[in-house]
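Inside the fold
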Amino acid sequence: EATCITEMSVMMACWKQNDFNDAPCAEEIRMFYDCVAKAEKERKNQNEDTLSSRRNLPSSKVNKLLRRFPQITRYV
């Protein structure tokens, strides 16, 4: 899943308007990095939940994993 697309777009637009100078875009850069850190933390927690449970998974998690890793539909 793509995350932080809006924050990245705002940051790049600010860079373009300011000839790729970081100083005027400090707030946009901070917002993008905050978004990335939050997304990484959520992804890490999600992976730990999935990997740490060695018992039966609920159907919602099974469906989510199957969407994430689809089965091969053709033979080689």
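Everything numeric in this text was worked out from a predicted model, so none of it was measured.

How each quantity is defined
Residue positions within a chain follow its written sequence, with the count starting from 1. Reporting of local features is limited, given that this is a predicted model, to residues whose pLDDT is at least 70; pairs of side-chain atoms are given and counted only at 80 or more, and all residues count toward the totals for whole chains, interfaces and linings. Side-chain measures were taken over the full set of non-hydrogen atoms in the model, leaving aside hydrogen atoms and water. The way it works is that DSSP assigns letters per residue, a run of H or I at least four long becomes a helix, a run of E at least two long becomes a strand, and they are numbered from the N terminus. The cut-offs for exposure are 20% and 50% of the maximum accessible area for each residue type, with area from a 1.4 Å probe on protein chains only; residues under the lower value are buried, those over the upper are exposed, and the others partly exposed. Between two residues, a contact is recorded if the distance between any of their heavy atoms is within 4.5 Å. Note on areas: Shrake-Rupley with a 1.4 Å probe; residue coverage comes only from the protein chains shown. UniProt positions are given in the numbering used here, feature names are shortened, and annotations may be inferred rather than shown by experiment. Like-charged residues are merged into a patch within 9 Å and nonpolar side chains (Val, Leu, Ile, Met, Phe, Trp, Tyr) within 5 Å, provided each residue has over 30% relative accessible area and no salt bridge. Take a side-chain nitrogen of Lys or Arg and a carboxyl oxygen of Asp or Glu: if they are within 4 Å of each other, that pair is a salt bridge. Two aromatic rings, drawn from Phe, Tyr or Trp (for Trp, its six-membered ring), form a pair once their centres lie within 6.5 Å of each other, and the interplanar angle then sorts them: stacked below 30 degrees, edge-to-face above 60, tilted otherwise. Just so you know, the count uses Lys and Arg for positive and Asp and Glu for negative, and it drops His and the chain ends. The atom standing in for a charge is NZ when the residue is Lys, CZ when it is Arg, CG when it is Asp and CD when it is Glu.

**Observations concerning the overall build of the protein chain**
On a plain count of helices and strands, the protein chain comes out with three helices and zero strands. Tracing the protein chain from N to C terminus, the helices and strands come up as α-α-α. Among the 76 residues that make up the protein chain, the fraction classed as buried is 12%. Counting contacts in the protein chain only where the partners sit at least 6 residues apart, residues at least 24 apart contribute 35% of the total. Carbon and sulfur atoms provide 54% of the accessible area of the protein chain, an area that totals close to 6900 Å².

**Focus: the UniProt feature "domain: CHCH" (unreviewed entry) in the protein chain**
As recorded in UniProt, the feature "domain: CHCH" (unreviewed entry) lies at residues 4–38. As annotated, residues 4–38 comprises 74% helix and 0% strand, and the C-alpha atoms at either end are separated by 10 Å.

**A few points about a nonpolar patch on the surface**
Taken together, the side chains of Leu-57, Val-62 and Leu-66 present a nonpolar region at the surface, about 210 Å² in accessible area. Among the structural elements, Leu-66 can be located in helix H3 (residues 59–68).

**Notes on the packing of aromatic side chains**
As enumerated under the stated definition, the model contains one aromatic pair in all. Relative to Tyr-33, the ring of Phe-32 has its centre 5.7 Å away and its plane inclined at 55 degrees; by these criteria the two rings are tilted.

**Focus: a positive patch on the surface**
On the surface, Arg-43, Lys-64, Arg-67 and Arg-68 cluster together to form a positively charged patch. Take Arg-67: it is sitting in helix H3. Since its relative accessible area comes to 64%, Arg-67 is described here as exposed.

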